[in-house]
Amino acid sequence: MLFVAGVARQGNGEEEGSAMPDMTLIIGNRNYSSWSLRAWLAMRMAGLAFEEIVIPLDQPETESRIREHSAAGRVPVLHHGDLTIWDSLAICEYAAELAPAALLWPEDRDARATARSVSAEMHAGFTVLRAALPMNIRADRPDLRIPADLQADIDRVCTIWCDCRRYFGTAGQFLFGGFSVADAMYAPVVARLHSYRIEVDGTVQDYIEAVRSLPAMQEWAAVGAAEPWVLEREEVGEPDA
Ligand SMILES: N[C@@H](CCC(=O)N[C@@H](CS)C(=O)NCC(=O)O)C(=O)O
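Just so you know, these numbers come straight off a predicted model, no measurement behind them.

Let us now look at the site of the ligand. As a structural note, the neighbourhood of the ligand is formed by 14 residues, with S33, W35, R74, D87 and S88 the closest of them. Looking at the shell around the ligand, the elements with two or more residues in it are helix 1 (34-45), helix 2 (62-67) and helix 3 (88-98). For the shell around the ligand, the element with the highest residue contribution is helix 1, accounting for three residues.

Moving on: the sheet that holds strand 6 (residues 83-86). Reading across the sheet, the four strands line up as 4-3-5-6 and stay open at both edges, with mixed pairing between neighbours. On the outer flanks of this sheet lie strand 4 (51-54) and strand 6, each paired with one strand and no other. Strand-to-strand, the axes of this sheet are offset by a mean angle of 20°, without reference to chain direction. On top of the sheet, helix 3 reaches strand 5 (77-80) and strand 6; it is set at about 125° to strand 6, its chief contact.

On to the pairing of strand 3 (residues 23-27). Within strand 3, four of the five residues are buried, which leaves it mostly tucked inside the rest of the structure. Examined bridge by bridge, strand 3 and strand 5 share four bridges and lie antiparallel to one another. Residue pairing for strand 5: T24 is matched across the bridge by H79. In this sheet, strand 4 lies alongside strand 3 in parallel orientation, the contact comprising four bridges. Its bridge partner lying in strand 4, I26 is registered against I53. The β-α-β motif built from strand 3, the intervening helix 1 and the parallel element strand 4 has right-handed crossover chirality.

A few words on the pairing of strand 5. Along strand 5, one buried face is formed by V77 and H79 and the opposite face, lined by L78 and H80, is buried too. Connecting the antiparallel pair strand 5 and strand 6 is a turn made up of two residues, with G81 showing a positive phi of about 60°.

Once that is clear, we can look at helix 8 (residues 202-213). It helps to recall that an α-helix has 3.6 residues per turn; residues three or four apart then point in one direction. Between its first and last C-alpha atoms helix 8 spans 16 Å; for twelve residues at 1.5 Å apiece the expected length is 16 Å, and the two agree. Among the residues of helix 8, V204, Y207 and V211 are the ones counted as buried. Within helix 8, the buried residues cover an arc of 60° as seen down the axis, which keeps them to one side. In this structure, helix 8 carries G202, E209 and S213 as exposed residues pointing more than 90 degrees from its buried face. Looking at the buried residues of helix 8, the elements they touch are helix 6 (148-167), helix 7 (181-195) and helix 9 (215-225).

Moving on: the domain arrangement of the protein chain. Annotation of the protein chain at the domain level lists domain 1 (2-100) and domain 2 (102-225). Relative placement of domain 1 and domain 2: their C-alpha centres are 23 Å apart. Counting residues per element, the side of domain 1 that touches domain 2 draws most heavily on helix 1, which supplies eight residues. Class assignment for the residues of the side of domain 1 that touches domain 2 results in twelve nonpolar, three polar and three charged.

Let us look at unusual backbone geometry. In this model, V75 is joined to P76 through a cis peptide bond whose omega is 10°. Secondary-structure assignment places P76 in the loop between helix 2 and strand 5. Not every positive phi belongs to a glycine, and D87 is a case in point at roughly 90°. Within the secondary structure, D87 sits in the loop between strand 6 and helix 3. Residue class for D87 comes out buried when judged on the 20 C-beta atoms lying within 10 Å of it.

Rules used in this analysis
- Residues numbered from 1 in each chain as written.
- Predicted model: local features only at pLDDT ≥ 70, side-chain atom pairs only at ≥ 80, totals over all residues.
- Near = placed C-beta within 6 Å.
- Helix = DSSP H or I, 4+ residues; strand = E, 2+ residues; numbered from the N terminus.
- Pairing = 2+ DSSP bridges.
- Axes fitted to C-alpha atoms, helices over the stretch in contact; angles between N-to-C directions.
- Contact = placed C-beta atoms within 7 Å.
- Buried ≥ 20, exposed ≤ 12 C-beta atoms within 10 Å, placed from the backbone.
- Right-handed = clockwise from strand over helix to strand, strands pointing away.
- Expected span 1.5 Å × (residues − 1).
- Arc of directions from axis to C-beta.
- Domains from an automatic or database assignment.
- Nonpolar A, V, L, I, M, F, W, Y, C, P; charged D, E, K, R; others polar.

Right, here's the structure in full:
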């Protein structure tokens, strides 16, 4: 029994002879839960097998259900045997360690340091963009007004993507060539720029298409689009009735 994040868990973890203990990823609604998408995508792109539990957000029982898994009260949460890992970036890091061959962090040290910088910037920042453009996979909202502070966040994201593609990404379609944690961290922004049809230049549009074309992203989007839950506070940019 381990007490992790304030939650007692009975281990079913690494036993002698078992190469890979079970993993379960707890996520929110696919349509809206941007932090869940980051962790889920990193796990999938690392080729890791895991069970999923979806806890719909904004329901009366949401908080208590999440707290059964993590005292931090947020999804995503990963259980691996008797270990609990919470927070999207920590789960991405863990996936990178479990599956080193997937190169979720670039091999080149300069590229890796930059990938970590842009991932941390996403994790800690872009508050205006995150509030004004909620991830809403099934939305198609071309008429959203873009105030200056939102445009500044969008411009910063586009600069990051263009710089990464130019200086580190030429060997592939993603920010650092092959898919990395940085792409997982920005995947919900890709979805947002698409949903709200934000005007971007050709390099950014190509990158958006590369991420959206990933089979894992298409799977996430298809399941998210079919979900029954509609969260009014996340529904922005609807045309006036
Ligand atoms: N810093 C955390 C943020 C996680 C987060 O805010 N998740 C939201 C869903 S996307 C959540 O759990 N909200 C709880 C709730 O709405 O009750 C991470 O990176 O994982």
